[in-house]
Amino acid sequence: MKKFVKKVNSAEKLLANYYQKERKRQKNTLNLIASENYPSKKVLTYSGSLLINKYAEGYPQARYYQGCQNIDKIEELAIDLAKKLFKVEYANVQPHSGSQANQAVYLALLKPGDKILSLNLLAGGHLTHGAKVNFSGTFYQVHHYNLDPVSQKLNYPEIDQMTQEIKPKLIIAGYSAYSLKIDFAQFRKIADKIGAYLLADIAHVAGLVAVGLFPSPVPYADVTTFTTHKTLRGPRGAVILTKKELGKKIDKAVFPGNQGGPNLAIIAAKAQCFYEVLQPAFKVYQKKVLENAQIMADYFQNQGVKVISGGTETHLLLIDTKNSYNLTGKAAAEKLEKAGIICNKNMLPYDEEKP
Ligand SMILES: Cc1ncc(COP(=O)(O)O)c(C=O)c1O
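Note that the structure is a prediction, hence the values are computed from the model and not measured. Every chain is numbered on its own, with residues counted from 1 as its sequence reads. Per-residue local features are limited, in this predicted model, to residues with pLDDT of at least 70; the limit for side-chain atom pairs, both in listing and counting, is 80 or more; totals at the level of whole chains, interfaces and linings are taken over all residues. The side-chain quantities take in all heavy atoms of the structure and omit both hydrogens and water.

Here we take up unusual backbone geometry. Residues Phe-255 and Pro-256 are joined by a peptide bond in cis, for which omega reads 10°. Within the element layout of this structure, Pro-256 appears in helix α10 (residues 244-258). Phi is positive for Asn-326, which is not a glycine, with a value near 55°. Mapped onto the elements, Asn-326 comes out in the loop between α13 (321-325) and α14 (329-338). The helix and strand labels rest on DSSP assignments: H or I over at least four residues marks a helix, E over at least two residues marks a strand, and numbering proceeds from the N terminus.

Listed below in C-alpha cells is the structure:
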C-alpha cells in the first residue's frame, strides 16, 4: 500500500519519464514494423488539440449537440479530401480504428450468422476477418481461403471455386501481411457470380493506393476500409469508403451502430494527413518506401533467405526465419531488438508454430 501511495504521488513525474524514455527508444532504434509510421508535426498537433474537448454525436449538420459549427466544417473538409484522394463517392471519416471500421461494415451489410469468405489469419489475413478470438469469428460463419502452398500467392481459381461452393454474403480482399498486389477486378468478377458483397480492407497499403502505386479497389469493391496510421502516415484511426447508395447504411452502422461521439481532434488530423498525401512529395516518399522494401527483399533472397510469396510489391516483406535461420519468428524478433532493429512476428502460410 505504501509503495502504491508513493507511486501515485510521483505519478506525474513517472509518466513524464516513461514518455521521454519512449521518445528516446523511437529515436534510437531502426523501426521495420510495416504497420507503424511517423506523422508530421501538424498531424501530431491536431491529434492532441483542444478539438478533443468537443462532443458531436451525429454527422455534420445533423448533430445531437450544439456548438458544432466549426467542427462540422472540419469533418466536411476531411470527407471531401478523402473522396478526392481515393476518387470515391462516399466517405465516413469517424471510425476510431481499422477494427471498428470493419465492424461497422459487417453491421451494415450482414446479419449474425451470415457467411464471410476471407484469407486465413496464418496466411496474412486480419483478426477482424473472422478469427475465432475476434467478434467477427463469433458472430459470423467464417470460411477461409488460403495462399497457394507452393507459390504462396493468392489463388484466384480456388477462391472462385470456394465462393461457388460456400456462397458467402461477403468476400474480403486486403490483408495484414501479404506482400503482393491484389487483383480487385478478379475479386469483383468472383463476387458477382453469386451476388456477394466485396470488402477491400486496404489498411496497410492505403498510402500506396492513394498515389497510384498499388491497384485501387474503389472501382470494384462495394466498401473499402483503411487505417490512417500505416503507410498513409496520419493519425491513429480509420476511414470507410463506399458508393452513394450504401453511404447512409454505413453511416448508421458507425454511429449509432458501434461508436458514440467522433474524435474531432483525430478527424482534423486525418484532414491534415489527406492534404499532405495530396502533395507531390508524398508520392516521392512512397516510391522510396517501395524501393527500400524491394532492395531488402532482393538482398535477402540473394543470401538464400526465404522471402514469403517470392518477394514484395509493397512496403512489407515477410521472412521465413525458421527455414532460413532455424529461428522462430519470436526468437528472431528478440535477437533483432537486441541489435536495435524493431520488427514484428507473424504466422506464415501453413505455419505449424503457435501465434
Ligand atoms: C488489414 C487490416 N485491417 C484492419 C486492421 C485493424 O486496425 P486497428 O489496429 O486500427 O484496429 C489492421 C491492423 O493491423 C490491418 O492490418
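So, on to the site of the ligand. The cutoff for a nearby residue is simple: one of its non-hydrogen atoms must lie within 4 Å of the molecule or strand. In the region of the ligand, 13 residues are neighbours, and Gly-98, Ser-99, Ser-176, Asp-201 and Lys-230 sit closest. A 3.5 Å cut-off defines polar contacts: any pair of N or O atoms within that distance qualifies, except that in protein one atom must be a possible hydrogen donor and the other a possible acceptor, and neighbouring residues in sequence count only when both atoms are side-chain atoms. At 2.7 Å from an oxygen atom of the ligand is found a side-chain nitrogen or oxygen belonging to Ser-176. Here a nitrogen atom of the ligand sits 2.6 Å away from a polar atom, N or O, in the side chain of Asp-201. In this description, accessible areas are obtained by the Shrake-Rupley approach with a 1.4 Å probe, and a residue is regarded as covered only by the protein chains that are shown. Considering the ligand on its own, with 390 Å² of exposed area, one finds that the protein chains cover 84% of that surface.

Moving on, we come to the UniProt feature "modified residue: N6-(pyridoxal phosphate)lysine" (unreviewed entry) in the protein. UniProt positions are given in the numbering used here, feature names are shortened, and annotations may be inferred rather than shown by experiment. Within this structure's numbering, the places UniProt gives as "modified residue: N6-(pyridoxal phosphate)lysine" (unreviewed entry) are Lys-230. Turning to its location among the elements, Lys-230 is positioned in the loop between β9 (223-227) and β10 (238-242). Note on contacts: a residue pair qualifies if any of its non-hydrogen atoms lie within 4.5 Å across the two residues. Beyond its immediate chain neighbours, meaning those up to four positions away, Lys-230 contacts Ser-35, Asn-37, Ala-203 and His-204.

What follows concerns the nonpolar core. Note on terminology: a nonpolar core comprises buried Ala, Val, Leu, Ile, Met, Phe, Trp, Tyr and Cys residues joined through side-chain atoms within 4.5 Å. Classification of residues uses two cut-offs on accessible area relative to the type maximum, computed with a 1.4 Å probe and protein chains only: under 20% is buried, over 50% is exposed, and between them is partly exposed. Of all hydrophobic cores here, the largest spans 63 residues; its most connected members are Phe-86, Leu-154, Phe-187 and Phe-274. With near-sequence residues (within four places) excluded, Phe-86 lies in contact with Ile-202, Ala-206, Val-209, Ala-210, Val-218, Phe-226, Leu-232 and Leu-241. Tyr-140, Leu-246, Ile-250 and Val-254 belong to the second largest nonpolar core, which has 22 residues in total.

Before going further, it helps to spend a moment on the sheet that holds strand β5 (residues 115-119). Picture the strands of a sheet paired through backbone hydrogen bonds; they go either parallel or antiparallel. What the seven strands build is an open sheet, ordered β4-β10-β9-β8-β7-β5-β6; its pairing is mixed. Sheet topology places β4 (90-92) and β6 (141-145) at the edges, where each strand pairs with a single neighbour. Across the sheet, the mean angle separating the axes of adjacent strands is 20° when strand polarity is ignored. Only strands that DSSP links by at least two bridges are regarded as paired with each other. Here three bridges tie β4 to β10, and the two strands are oriented antiparallel to one another. Bridge pairing in β10 links Asn-92 to Ile-240. Lines fitted to C-alpha atoms define the axes, with helix axes restricted to the stretch in contact, and inter-axis angles between N-to-C directions lie between 0 and 180 degrees.

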